[in-house]
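# Working through the structure, step by step
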Amino acid sequence: MSDYSDVGTPVVMPTNIRNLRVDPTGIARVGGEHVERLARHKLRAGDIVYSRRGDVEKCALITENEEGWLCGTGCLLVRVQGPNLDARFLSYLLSRPETRAWISQHAVGATMPNLNTEILREVPVDVPDVKTQCAIAATLGALDDKIGSNRRAVEVLQHTAAALFTRWRSDAVPGVASTFGAYADVYGGATPKTTVPDFWGGGLAWTTPTDVTGLSAPYLFETSRTITDEGLRSCTAVMHPAGTIFMTSRATIGAFAINQVPAATNQGFIAVRPRQEADRYFLFEEMRSRVDEFLDNANGSTFLEISRGRFKELPLEVPEPEAIALLDEQVGPLHRKAAQLALESDRLTALRNALLPELLSGRVRALTEARP
């Protein structure tokens, strides 16, 4: 949309819906004249926004931080009316696996699931009294507050690391001319036959682009699918040790993750394995800073893809080892702290999701509800 700009009022799109909250990373914005024209789409605290198409199960609660932002065309708005329904509780209720499954089953569209207001109006919900709703929402909200705090801290650490790298690059003495393929080990990926059950569901992490594009921070701890040893041997995929840099190389080019556990990838990746420990964050930040160049070197009629061969040929200026070691001392602790916070958030999210059905069933009582 040509109306978008780098400044102005944020517009919430499906890509900004993450973990029941709005993630403002890379959010689109519109100028003042468009805000007035789109005034009826302004968001209020307590609204719930849904992804209209694709991953139609995604929803996010609008907080005071997003008050006055706009609901994008790719989203649907749910506005809670009346005093007997707590918006925050409803957002948790809508995130239950049973509710998510119902929404997916009733979405329309053969190629891509689509959601509409009629479907949302028919979502079955069973709510307790408002006092219990508020108590459950407060309990789960405390976990979400910590998750949100971690996310903001990770963003600061990421921005700081990128800024330090930019300054380091400008200050570094010109280095030795090389290429990515000459300086690091570069791999592609592969997929075992999906028709062979013995290849799937094993103990080996196998990464797809959605595992990476769905991350709130570029650190991969688990994958949605796993393969067996037999599955790994059946194709050209290889297991990469923790600390390998995964970059998506087709359709979406330039989404990154550093795997924190050994993992293989499908063919939608370029995996860069540093030969020296100190090179990891030099290569990671270098690659993140050159995504536009990677896009310029991509081709394809159906979707853009940068080939592993082309990537390996791209020039890489390598500073002296002492300079790389200095960069590692500066940004390494930032990345390690960010990864630690991201892992903590993943565990808190799992705890929140496990608590919800227990609280709804009454098997566990919310702390505020249990007080006399």
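In case you missed it, the structure is sitting above this.
Let us look at the structure shown here. Predicted model, so just to flag it, every value in this text is computed and none were measured. (Residues numbered from 1 in each chain as written. Predicted model: local features only at pLDDT ≥ 70, side-chain atom pairs only at ≥ 80, totals over all residues. Heavy atoms only, no water.)

## Points about the state of the cysteines
The tally for this structure, following the rule as stated, stands at zero disulfides. With no disulfide of its own, Cys-59 lies 11 Å from the sulfur of Cys-75, the closest cysteine sulfur. Here Cys-59 falls in the buried class, since its relative accessible area comes to 4%. Summary of cysteine pairing: Cys-71 is not part of a disulfide, and the nearest cysteine sulfur, belonging to Cys-75, is at 5.1 Å. According to the relative accessible area criterion, Cys-71 is buried, its value standing at 12%. (Disulfide = S-S within 2.5 Å. Buried < 20%, exposed > 50% of the residue type's maximum accessible area, 1.4 Å probe, protein only.)

## Re the pairing of strand β19 (residues 315-318)
On β19, burial follows the alternation: Leu-316 and Val-318 on one face are buried, whereas Pro-315 and Glu-317 on the facing-out side are not. Two strands pair when backbone bridges link them, and strand β10 (residues 176-179) and β19 are joined in this way by four bridges, in the antiparallel orientation. Bridged to Ser-178 within β19 is Leu-316. (Helix = DSSP H or I, 4+ residues; strand = E, 2+ residues; numbered from the N terminus. Pairing = 2+ DSSP bridges.)

## Concerning helix α3 (residues 97-106)
Where α3 is concerned, the buried positions are Thr-99, Trp-102 and Ile-103. Along the axis of α3, the buried positions cluster into a sector of 95°, meaning they face one direction only. Facing away from the buried side of α3 by more than 90 degrees, the exposed set consists of Pro-97 and Gln-105. Where α3 is buried, its residues meet β6 (48-51), α2 (87-94) and α4 (117-121). (Arc of directions from axis to C-beta. Contact = heavy atoms within 4.5 Å.)

## A closer look at the pairing of strand β16 (residues 252-259)
Within β16, six of the eight residues are buried, leaving the element largely enclosed by the surrounding structure. Where strand β13 (residues 219-220) lies against β16, two bridges are found, and the strand directions are parallel. Counted as the bridge partner of Tyr-219 is Ile-258 from β16. Counted between consecutive antiparallel strands, the loop separating strand β15 (residues 245-250) from β16 contains one residue, among which Ala-251 sits at a positive phi close to 60°.

## A closer look at the packing of α2 against helix α12 (residues 321-361)
As a packed pair, α2 and α12 sit with axes 10 Å apart at the nearest point and diverge in direction by 105°. Of the possible angle classes, the one that applies to α2 and α12 is roughly perpendicular. In this structure, α2 uses Phe-89, Tyr-92 and Leu-93 to contact α12, whose residues at the interface are Arg-352, Leu-356 and Leu-360. In terms of residue class, the contact of α2 with α12 is made up of five nonpolar, no polar and one charged. (Axes fitted to C-alpha atoms, helices over the stretch in contact; angles between N-to-C directions. Parallel < 35°, antiparallel > 145°, perpendicular 65-115°, else oblique. Nonpolar A, V, L, I, M, F, W, Y, C, P; charged D, E, K, R; others polar.)

## Examining the side chain of Asp-47
Here Asp-47 is to be found in the loop between α1 (32-37) and β6. Accessibility expressed as a relative area gives 2% for Asp-47, which makes it buried. Polar contacts involving the side chain of Asp-47 include one to the main-chain amide nitrogen of Arg-44, which spans 2.8 Å. Non-local contacts of Asp-47, meaning those with residues more than four positions away in its chain, are made with Lys-42, Ala-60, Leu-61, Ile-62, Leu-77, Val-78 and Arg-79. (Polar contact = N/O pair within 3.5 Å; in protein donor to acceptor, adjacent residues only side chain to side chain.)

## What to know about the pattern of salt bridges
The full count for this structure, using the stated rule, is 19 salt bridges. Across the pair Asp-144 and Arg-352 runs a salt bridge, and its minimum N-O distance is 2.6 Å. Here Asp-144, found in helix α5 (residues 130-171), pairs with Arg-352, found in helix α12; they are 208 residues apart in sequence, far enough to count as distant. For the residue pair Asp-144 and Arg-352, the accessibility class agrees, reading buried in each case. (Salt bridge = Lys/Arg side-chain N within 4 Å of Asp/Glu carboxyl O.)

## Topic: the sheet that holds strand β8 (residues 70-71)
With mixed pairing, the four strands of this open sheet are ordered in space as β1-β5-β2-β8. Of all the strands in the sheet, just β1 (4-5) and β8 have a single pairing partner and so form its edges. Across three bridges, the pairing between strand β2 (residues 9-12) and strand β5 (residues 28-30) is antiparallel. Its bridge partner being in β5, Pro-10 is matched across the sheet by Arg-29.

## Concerning the packing of aromatic side chains
In the structure shown here, the tally under the stated rule is nine aromatic pairs. Plain terms: the ring middles of Trp-200 and Trp-206 are 5.0 Å apart, the flat faces sit at 85° to each other, and that makes the pair edge-to-face. Comparing Trp-200 with Trp-206, the two get one shared label, buried. In textbook terms, an aromatic cluster arises when at least three aromatic residues are bridged by ring pairs, as seen for Phe-165, Trp-168, Tyr-183 and Phe-282. Above the plane of the ring of Trp-200 lies Arg-225, whose end atom (NZ or CZ) is 4.0 Å from the centre. (Phe/Tyr/Trp six-rings, centres within 6.5 Å; stacked < 30°, edge-to-face > 60°. Lys NZ or Arg CZ within 6 Å of the ring centre and 35° of its normal.)

## Things to note about the sheet that holds strand β18 (residues 269-273)
The five strands are arranged β11-β18-β15-β16-β13 in an open sheet whose pairing can be described as mixed. Two strands in the sheet have a free side with no partner beyond their single neighbour: β11 (185-187) and β13. Across four bridges, β15 lies against β18 in antiparallel orientation. Looking across to β18, one finds that Thr-248 is bridged to Phe-269. Against the sheet, helix α9 (residues 280-288) touches β15, β16 and β18, its axis set at about 160° to β16.

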